[in-house]
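Chain by chain, the residues run as shown.
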Amino acid sequence: MTDENPVTVIARFAPTPERAAQLKALLGGMVEPTRAEPGCRRYDLFTAREGDTEFVLVERYEDTPALEAHRASAHYKNYRAQLPEMLAKPIEVTVLAPVDVVD
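These figures come from a predicted structure and were not determined experimentally.

1. Examining the overall build of the protein chain
Broken down by element type, the protein chain carries 3 helices and 4 strands. Written out in order from the N terminus, the α and β elements of the protein chain read β-α-β-β-α-α-β. Taken over C-alpha atoms, the radius of gyration comes to 14 Å for the protein chain, in line with the 13 Å a tight globule of 103 residues would show. Each of the three principal axes of the protein chain carries a C-alpha extent, and together these read 45 × 30 × 20 Å. As displayed, the protein chain has an accessible area near 6,300 Å², and 52% of this comes from carbon and sulfur atoms.

2. Thoughts on the packing of helix H2 (residues 64–72) against helix H3 (residues 74–82)
Between H2 and H3, the shortest axis-to-axis distance is 5 Å and the interhelical angle comes to 60 degrees. By the angle between their axes, H2 is oblique relative to H3. Residue-level inspection shows His70, Arg71 and Ala72 of H2 in contact with H3, the latter providing Ala74, His75, Tyr76 and Lys77. Here the contact of H2 with H3 is composed, by residue class, of 3 nonpolar, 2 polar and 2 charged.

3. Description of H2
Residues that lie three or four places apart on an α-helix share one face, since the helix turns once every 3.6 residues. Regarding H2, the residues found buried are Ala66, Leu67 and His70. For H2, the angular spread of the buried residues around the axis is 100 degrees, confining them to a single face. Of the surrounding secondary structure, the elements contacted by the buried residues of H2 are strand E1 (7–13), helix H1 (20–35), strand E2 (40–47), strand E3 (55–61) and H3.

4. A look at the sheet that holds strand E4 (residues 92–96)
Strand order in the open sheet formed by 4 strands is E2-E3-E1-E4, with antiparallel pairing between adjacent strands. With partners counted over all chains shown, the strands left at the sheet margins are E2 and E4, one partner each. Adjacent strand axes in the sheet meet at a mean angle of 10 degrees, parallel and antiparallel pairs treated alike. Where E2 meets E3, 7 bridges bridge the pair, whose relative direction is antiparallel. Across the sheet, the residue bridging to aspartate 44 is valine 58, located in E3. Lying on the sheet, H1 is in contact with E1, E2 and E3; it crosses E2 at an angle near 165 degrees. Across the sheet, H2 touches E1, E2, E3 and E4, and the angle it forms with E3 is around 130 degrees.

5. What to know about the pairing of E3
Across the 7 residues of E3, 6 count as buried, placing the element largely inside the fold. Pairing of E1 with E3 involves 7 bridges; the strand directions are antiparallel. When the bridges of E3 are listed, valine 7 appears paired with tyrosine 61.

6. As for the packing of aromatic side chains
Each pair of aromatic rings is reported with the distance of its centres and the angle of its planes. Within this structure, the stated rule accounts for 1 aromatic pair. Each ring, one from tyrosine 76 and one from tyrosine 79, has its centre 5.5 Å from the other, and the planes form 65 degrees; the classification is edge-to-face. With tyrosine 76 and tyrosine 79 both in helix H3, this residue pair falls 3 residues apart, about one helical turn. Each of the two residues, tyrosine 76 as well as tyrosine 79, counts as buried.

Definitions and cut-offs
Each chain has its residues counted from 1, following the order in which its sequence is written. In view of the model being predicted, local features appear only for residues whose pLDDT reaches at least 70, and side-chain atom pairs are presented and counted only at 80 or more, with totals across whole chains, interfaces and linings using the full set of residues. Water and hydrogen atoms were dropped before computing side-chain values, which therefore reflect all heavy atoms in the structure. To qualify as a helix, a DSSP run of H or I must reach at least 4 residues; to qualify as a strand, a run of E must reach at least 2; elements of each kind are numbered from the N terminus. Values of the radius of gyration come from C-alpha atoms, whereas the globule rule sets the reference at 2.2 Å times the count of residues to the power 0.38. Values of accessible area rely on a 1.4 Å probe in the Shrake-Rupley scheme; residue burial ignores everything except the protein chains shown. Axis definition: a line fitted to C-alpha atoms, over the contacting stretch in the case of helices. Angles run 0 to 180 degrees between N-to-C directions. For classification purposes, angles smaller than 35 degrees are called roughly parallel, those larger than 145 roughly antiparallel, those between 65 and 115 roughly perpendicular, and all remaining angles oblique. By definition in these notes, contact holds between two residues if any of their heavy atoms fall within 4.5 Å. Here the term charged refers only to Asp, Glu, Lys and Arg, the term nonpolar to Ala, Val, Leu, Ile, Met, Phe, Trp, Tyr, Cys and Pro, and the term polar to all other amino acids, Gly among them. Burial classes follow relative accessibility: with a 1.4 Å probe on protein chains only, a residue under 20% of its type's maximum area counts as buried, one over 50% as exposed, and anything between as partly exposed. Note: the arc covers the axis-to-C-beta directions of the helix. Only strands that DSSP links by at least two bridges are regarded as paired with each other. For this analysis, a ring pair means two rings from Phe, Tyr or Trp (six-membered ring only for Trp) whose centres lie within 6.5 Å, classed as stacked if their planes differ by under 30 degrees, edge-to-face if by over 60, and tilted for the remaining angles.

Below is the structure:
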């Protein structure tokens, strides 16, 4: 592990109604390969509530280089290329820095 702090990312996706199932499958397909990345600590997919079609990814990486490696991966680039046609609005991404976190 490096001396850098872990990086947490929250990404929110609002699909067009006709593409919700396709987006869910695309995001679900990112889980396994991302969790297998050496610097990935968490990669969890949520929906806001029962029946809601907004999806939320909560990601945690060992450090900034691990996040950058994720964003450079083939599976990330492939998924990002497919996203625009599925979304009702742009992805909302928040990158968080730890203040008081338990690992």
